[in-house]
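Chain and residue survey
These are the residues of each chain, in order.
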Amino acid sequence: QVQLVESGGGSVQPGGSLRLSCAASGFFFNIYTMAWHRQVPGKQREFVASISSSTYSRYADSVKGRFTISRDNAKKTVYLQMDMLKPEDTGVYYCKADSLNNWGQGTQVTVSS
């Protein structure tokens, strides 16, 4: 069974940093593009970043230059390093495999003064 477990969220002040992790199991992680999405109450879940099996990365314009996605195939884990956080980055962050319809519980990120 496919399982995705997000962790690393928390509360920080604007300009702060967080590192999110997503531990994956139940599928051949190495060949899948992995992605991070986030959701704020009342809004649709939005794309944040993705990384392919060849480590090609893609970012939403709103986070480009501030966030970095990476992966460790040996650990079957994808990471999201978030720097220079802004209040508008607040939300629940989820990871998923590109072509699999599975989501974890998400991890809450709150950026406020």
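This section reports on the structure supplied with the text. (Residues numbered from 1 in each chain as written. Predicted model: local features only at pLDDT ≥ 70, side-chain atom pairs only at ≥ 80, totals over all residues. Heavy atoms only, no water.)

**A few points about the pairing of strand β3 (residues 18-25)**
Applied cut-off: The rule for pairing is simple: two strands pair if DSSP sees at least two bridges between them. Runs of E in the DSSP output that reach at least two residues are strands. Runs of H or I that reach at least four are helices, and both are numbered from the N terminus.
Both strand β1 (residues 3-7) and β3 contribute to a ladder of 5 bridges, which runs antiparallel. Across the sheet, residue leucine 4 finds its bridge partner in β3, namely alanine 24. Where β3 meets strand β8 (residues 77-82), 6 bridges bridge the pair, whose relative direction is antiparallel. Pairing of leucine 20 across the sheet is with leucine 80, part of β8.

**A look at the environment of phenylalanine 67**
Definition in use: Only heavy atoms enter the contact rule, under which two residues are in contact if any of them lie within 4.5 Å.
Counting through the fold element by element, phenylalanine 67 comes out in strand β7 (residues 67-72). Those residues in contact with phenylalanine 67 that lie beyond four places of it in its chain are Arg38, Val48, Tyr59, Leu80, Gln81, Met82, Asp83, Leu85, Asp89 and Tyr93.

**Observations concerning the pattern of salt bridges**
Condition: When a carboxyl oxygen of Asp or Glu is within 4 Å of a side-chain nitrogen of Lys or Arg, the pair counts as a salt bridge. The cut-offs for exposure are 20% and 50% of the maximum accessible area for each residue type, with area from a 1.4 Å probe on protein chains only; residues under the lower value are buried, those over the upper are exposed, and the others partly exposed.
Across all of its chains, the model carries 4 salt bridges by this definition. Here lysine 64 ties to aspartate 61 by a salt bridge, and the two come within 3.3 Å at their closest N and O atoms. The salt bridge involving aspartate 89 is made with arginine 66; its shortest N-O contact spans 2.7 Å. Placement of aspartate 89 in the loop between β8 and β9 (91-97) and of arginine 66 in the loop between β6 (57-59) and β7 is noted, with a sequence separation of 23 residues between them. A relative accessible area of 9% means that arginine 66 is categorised as buried. A cluster of three or more residues bridged by salt bridges with shared partners is formed by Arg38, Glu46, Arg66 and Asp89.

**Some details on the packing of aromatic side chains**
As a reminder of what qualifies: Pairing of aromatic rings covers Phe, Tyr and Trp, the last counted by its six-membered ring, and requires centre-to-centre distances within 6.5 Å; plane angles under 30 degrees mean stacked, over 60 mean edge-to-face, and any other angle means tilted.
A complete count under the given rule lists 3 aromatic pairs for this structure. Judged by centre distance (5.2 Å) and plane angle (80°), the rings of phenylalanine 27 and tyrosine 32 are edge-to-face. You'll find phenylalanine 27 and tyrosine 32 in the same group, each marked buried. Taking the centre distance of 6.0 Å and the plane angle of 85° together, the rings of tyrosine 94 and tryptophan 103 count as edge-to-face. Tyrosine 94 gets classed as buried once you look at its relative accessible area, which sits at 12%.

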